[in-house]
Amino acid sequence: MPGIYCAAVDTSDSAAVPPPWEPPLDGTEADHLVGALERLRATFRWKTDGLDATGLGARLAPSTLTLGGLLNHLAFVEDYTFTTKMRGESPGEPWSTAPWDQDRDWELTSAAADSPEELYAIWDDAVERSRSRLATALAEGGLGGLVHISDTDGHRASLRRLVCDLIEEYGRHTGHADLLRESVDGRVGEDPPDDWRPRSGRNLWG
């Protein structure tokens with residue numbers, strides 16, 4: 001499992017620089033939660049990166065999950081978390097007009113009709129939007145700020161709960177992506193290599 005970043009001993013004057021998705025060694029609660037989320041995002045994106053339609057559509061029986069479907073699903077979860085759950089707003093397209101009444105798993109199944117370029121872009125776009133929305137919410141009310149979603153008694157959740165739920169969602173599906181990617185081309189590993197950047201889509205990590 002991922003742990004504290006440890007570079008090889010370096011006797012030069014320059015200290016080793018951790019990859020941009022590495023959580024801080026000593027930060028605030030928000031720093032650590034957002035850092036954990038970013039490391040999971042990077043690991044998931046690395047597990048799905050650089051594949052053609054066949055690779056993104058590969059399955060492990062009896063599951064119907066695919067890497068392409070997971071890209072689409074987590075893009076939806078990103079948007080839904082920081083719009084509908086956080087603000088009570090529409091998650092935007094393509095989610096708002098998707099045929100959910102006909103297919104409850106539409107975001108997973110519809111990915112088969114999307115090109116790799118489309119699937120990478122929809123996830124990259126969603127993460128960029130989420131980063132901006134989360135940063136604004138943290139500046140306005142911090143992790144303890146109340147969001148739109150509530151339980152049946154009207155008790156509203158905190159932003160902290162949304163971030164923790166998204167970390168859990170990524171943890172679950174990054175595990176799925178581990179197995180799917182290994183079955184496609186043998187790629188294994190806990191974290192992306194320090195110098196990894198996506199081959200397709202925008203570079204979200206500098």
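See the structure shown above.
All of these numbers come straight from a predicted model, not from anything done at the bench. (Residues numbered from 1 in each chain as written. Predicted model: local features only at pLDDT ≥ 70, side-chain atom pairs only at ≥ 80, totals over all residues. Heavy atoms only, no water.)

Asks: Tell me about the overall build of the protein chain, residues and numbers included.
Replies: When helices and strands are tallied, the protein chain shows six helices and two strands. Each helix and strand of the protein chain, placed in order from N terminus to C terminus, yields the pattern α-α-α-α-α-β-β-α. With 206 residues in all, the protein chain has 40% of them scored as buried. Of all intrachain contacts in the protein chain linking residues separated by at least 6 positions in sequence, the fraction that spans at least 24 positions is 69%. As displayed, the protein chain has an accessible area near 10,900 Å², and 53% of this comes from carbon and sulfur atoms. Looking at the protein chain, you have 20 positive and 36 negative side-chain charges, and the mean spots of the two groups are 2 Å apart. (Helix = DSSP H or I, 4+ residues; strand = E, 2+ residues; numbered from the N terminus. Buried < 20%, exposed > 50% of the residue type's maximum accessible area, 1.4 Å probe, protein only. Contact = heavy atoms within 4.5 Å. Areas by Shrake-Rupley, 256 points an atom, 1.4 Å probe, with all protein chains shown as cover. Lys, Arg positive; Asp, Glu negative; His and termini not counted. Charge placed at Lys NZ, Arg CZ, Asp CG, Glu CD.)

Asks: So what's going on with the pairing of strand β1 (residues 146–150)? Which residues, and what values?
Replies: Here two bridges tie β1 to strand β2 (residues 156–158), and the two strands are oriented antiparallel to one another. Following the sheet pairing, Ser 150 is matched in β2 by Arg 156. (Pairing = 2+ DSSP bridges.)

Asks: A description of the nonpolar core should follow, citing residues and the corresponding values.
Replies: Counting 44 residues, the largest nonpolar core has Phe 44, Trp 123, Leu 159 and Tyr 170 as its most contacted members. Here the element with the most residues in this core is helix α3 (residues 67–87); it accounts for nine residues. What Tyr 170 contacts, discounting residues up to four positions off in sequence, is Leu 37, Leu 40, Arg 41, Phe 44, Leu 74, Glu 78, Trp 123 and Val 127. (Core = buried A, V, L, I, M, F, W, Y, C linked by side-chain atoms within 4.5 Å.)

Asks: Give a detailed account of the environment of Thr 48, specifying residues and quantitative values.
Replies: Among the secondary structure elements, Thr 48 is positioned in helix α1 (residues 29–48). Judged by its relative accessible area of 0%, Thr 48 is buried. Separated by 19 residues in the primary sequence, Thr 48 and Leu 67 place their C-alpha atoms 6.1 Å from one another. Beyond its immediate chain neighbours, meaning those up to four positions away, Thr 48 contacts Leu 56, Leu 67, Leu 71, Tyr 120 and Arg 181.

Asks: How would you summarise the side chain of Thr 43 if you had to cite specific residues and measurements?
Replies: Tracing the chain through its elements places Thr 43 in helix α1. What Thr 43 contacts, discounting residues up to four positions off in sequence, is Thr 174, Glu 190, Asp 191 and Pro 192.

Asks: Talk me through helix α5 (residues 116–141); I want residue IDs and the actual numbers.
Replies: Spanning 26 residues, α5 covers 37 Å between terminal C-alpha atoms, matching the ideal 38 Å at 1.5 Å per step. All of the buried residues along α5 are Pro 116, Leu 119, Tyr 120, Ile 122, Trp 123, Asp 124, Ala 126, Val 127, Ser 130, Arg 133, Leu 134 and Ala 137. Contacts from the buried residues of α5 go to α1, α2 (53–56), α3 and α6 (159–185). Gly 142 sits one or two positions beyond α5 and adopts a positive phi of about 70°. (Expected span 1.5 Å × (residues − 1).)

Asks: I'd love a proper account of α6, names of residues and values included.
Replies: Between its first and last C-alpha atoms α6 spans 38 Å; for 27 residues at 1.5 Å apiece the expected length is 39 Å, and the two agree. What α6 keeps buried is the set Leu 159, Leu 162, Val 163, Leu 166, Ile 167, Glu 169, Tyr 170, His 173, Thr 174, Ala 177, Leu 180 and Arg 181. Against the buried residues of α6 lie α1, α3, α5, β1 and β2. Backbone geometry just downstream of α6 places Gly 186 in the positive-phi region, at approximately 85°.

Asks: Can you explain the pattern of salt bridges? Please cite residues and give values.
Replies: Following the criterion strictly, the structure yields 17 salt bridges and no others. Close ionic contact of Asp 178 with Lys 47 constitutes a salt bridge, the shortest N to O distance being 2.9 Å. Residue Asp 178 is located in helix α6, and its partner Lys 47 is located in helix α1; the two are separated by 131 residues in the primary sequence. In this structure, Arg 172 engages Glu 168 in a salt bridge whose closest nitrogen and oxygen atoms are separated by 3.4 Å. Placement of both Arg 172 and Glu 168 in helix α6 is noted, with a separation of four residues, approximately one turn of the helix. For Arg 172, a relative accessible area of 40% corresponds to the partly exposed category. Overall, the relative accessible area of 47% leaves Glu 168 in the partly exposed class. Put simply, Glu 38, Arg 41, Glu 78 and Arg 131 are held in one network by salt bridges that share partners. (Salt bridge = Lys/Arg side-chain N within 4 Å of Asp/Glu carboxyl O.)

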